[in-house]
Amino acid sequence: MIIPLPDTTTRQISQKLVEMQEHYTLTTGRVLTLIVMTEDGDDLDNLLASVRDASHEHPSRVVVIATGSAEDDTRLDAELRVGGEAGASEIVVMHLHGALADQAEAVVTPLLLPDTPIVAWWPTACPEAPSAVPIGALAQRRITNVAFGEGVNQYDLHLLSSGYQPGDSDMSWGAITLWRGIVASALDRHPHEDVTSVEIAGAHNHAAVDFAAGWLLDSLSVPVTRSDAEVSEGAFPITSLIFHRPTADVSVTVVDDSTVKVTVPGSPESLVSLTERAEAEVLSEELRHLDPDRTYAHALRALGRVDYSEKQ
């Protein structure tokens, strides 16, 4: 069910939420408040579908802020989504116009659930220092998506690293969780040898490849070289990984859009299923872990030591 509330106030929105809880038997077991920051031109339907899918594991109050033009007449247009339109959550979509366009914090505060964690998600454009903006300061967890659009460059990643605060994370980091498990398993196989250097290749300007390089450098304390490779649309962004060792190398390479090959000396080659994770799946994983992600922080810290000399 979608209930439009044109030219409304936060008080009226709150009253309507209470009314819906009484008349439509909405769940009261919400575990967090998720604030989704969007801008004009963003695909709201797609973002709402991701939130709805993730809500089945994380029943939440979702507040979507759609920032309009500061030159418009000042008003707040909202819509409430419950039932099949909201999954296991209740969703409030608020379009801020005029003077309200820069007042997201003041508008969202009355709708925050008491005594529950607050998560802020920037699915498209994101601030350089998420914790420094008003919405980020409210949240215990801040999720960016630096790979959105035309991708990310080293300068953007440097800003993300320098602005890091405990609680920050990024969708591109969550996108490589399963891949990192495959990589760790490959290095656990016999024969065990020290890794002397690492080569990793993947999509140009895709943060997932850079985060993976930083993670490997921090974990292994050996030189890591990051280079570019052609990647088809929708395919996993990391195409190949080679661990150089004194006697024999270990590799993890993409075979096709859904399979990677793991090569370990002394063992048969193995094929492992791996596809690019859906946005809802990554978001759901991020919402499972509201404590600071130290591994992500260490990967960011190591980005400045990754060798990009072989970039095309």
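Above this note sits the structure.
All figures in this text were calculated on a predicted structure; none of them were measured in a lab.

Conventions and cut-offs
Each chain has its residues counted from 1, following the order in which its sequence is written. Local features in this predicted model are restricted to residues of pLDDT 70 or higher, and side-chain atom pairs are both shown and tallied only at a pLDDT of 80 or more, whereas totals for entire chains, interfaces and linings draw on every residue. For the side-chain quantities, the full set of heavy atoms in the structure was used; hydrogens and water were omitted. Residues enter a nonpolar core if they are buried and are Ala, Val, Leu, Ile, Met, Phe, Trp, Tyr or Cys, with the set joined through side-chain atoms within 4.5 Å. Burial classes: relative accessible area under 20% of the type maximum marks a residue as buried, over 50% as exposed, and values in between as partly exposed (1.4 Å probe, protein chains only). Strands here mean DSSP runs of E at least two residues long; helices mean DSSP runs of H or I at least four residues long; both are numbered from the N terminus. Contacts were defined at the residue level, with two residues in contact if any of their heavy atoms lie within 4.5 Å. A pairing counts as a salt bridge when a side-chain nitrogen of Lys or Arg comes within 4 Å of a carboxyl oxygen of Asp or Glu. What a helix is expected to span follows from its residue count: subtract one and scale by 1.5 Å. By arc we mean the arc of the directions from the helix axis to the C-beta atoms, nothing more. For two strands to count as paired, DSSP must find a minimum of two bridges between them.

K.L.:
What is the right way to read the nonpolar core from this model?
P.N.:
Here is a general trend for soluble globular proteins: nonpolar side chains tend to be buried in one another's company. Core analysis: the largest hydrophobic core is formed by 43 residues, its most contacted members being Ile176, Trp179, Ile200, Phe211, Leu216, Leu241 and Val252. The set of elements that each furnish at least two residues to this core consists of helix 5 (154–162), helix 7 (177–187), strand 9 (197–202), helix 8 (207–220), strand 11 (238–244), strand 12 (250–256), strand 13 (259–263) and helix 10 (294–302). A per-element tally of this core places helix 8 first, with nine residues. Apart from residues no more than four positions distant in its own chain, Phe211 is found in contact with Val146, Leu157, Leu160, Asp170, Ser172, Trp173, Ile176, Tyr296, Ala299, Leu300 and Leu303. In this structure, Leu76, Val107, Trp122 and Ala139 belong to the second largest nonpolar core, which totals 26 residues.

K.L.:
How should the pattern of salt bridges be read in this particular structure?
P.N.:
Charged atoms that come close allow side chains of opposite charge to pair. Tallied over the entire structure, the rule returns 14 salt bridges. Arg141 is paired through a salt bridge with Glu286; the nearest N and O atoms lie 3.1 Å apart. Here Arg141, found in strand 7 (residues 141–144), pairs with Glu286, found in helix 9 (residues 279–288); they are 145 residues apart in sequence, far enough to count as distant. Pair check on accessibility: Arg141 and Glu286 agree, each one buried. Among the charged side chains, a salt-bridge network with shared partners connects Arg30, Arg61 and Glu90.

K.L.:
Can you help me understand helix 2 (residues 44–55) in this one?
P.N.:
Since there are 3.6 residues in each turn of an α-helix, residues three or four apart along the chain are aligned in direction. Over its 12 residues, helix 2 extends 16 Å from the first C-alpha to the last, a length consistent with the 16 Å expected when each residue adds 1.5 Å. Every buried residue belonging to helix 2 is among Leu47, Leu48, Ser50, Val51, Ala54 and Ser55, and all of these are buried. One face of helix 2 carries all of its buried residues, which in axial projection span an arc of 155°. Packed against the buried residues of helix 2 are strand 2 (32–39), strand 3 (60–67), strand 4 (75–81), strand 5 (90–97), strand 6 (118–121) and helix 9.

K.L.:
In this structure, what is going on with the pairing of strand 7? I would like to understand it.
P.N.:
The alternating pattern of strand 7 places Arg141 and Ile143 on one face and Arg142 and Thr144 on the opposite face, and all of these are buried. Two strands pair when backbone bridges link them, and strand 6 and strand 7 are joined in this way by three bridges, in the parallel orientation. In the sheet register, Val119 faces strand 7, and the bridge partner there is Arg141. Across three bridges, strand 7 lies against strand 8 (residues 168–170) in parallel orientation. The residue bridging Arg142 from the neighbouring strand is Asp168, located in strand 8.

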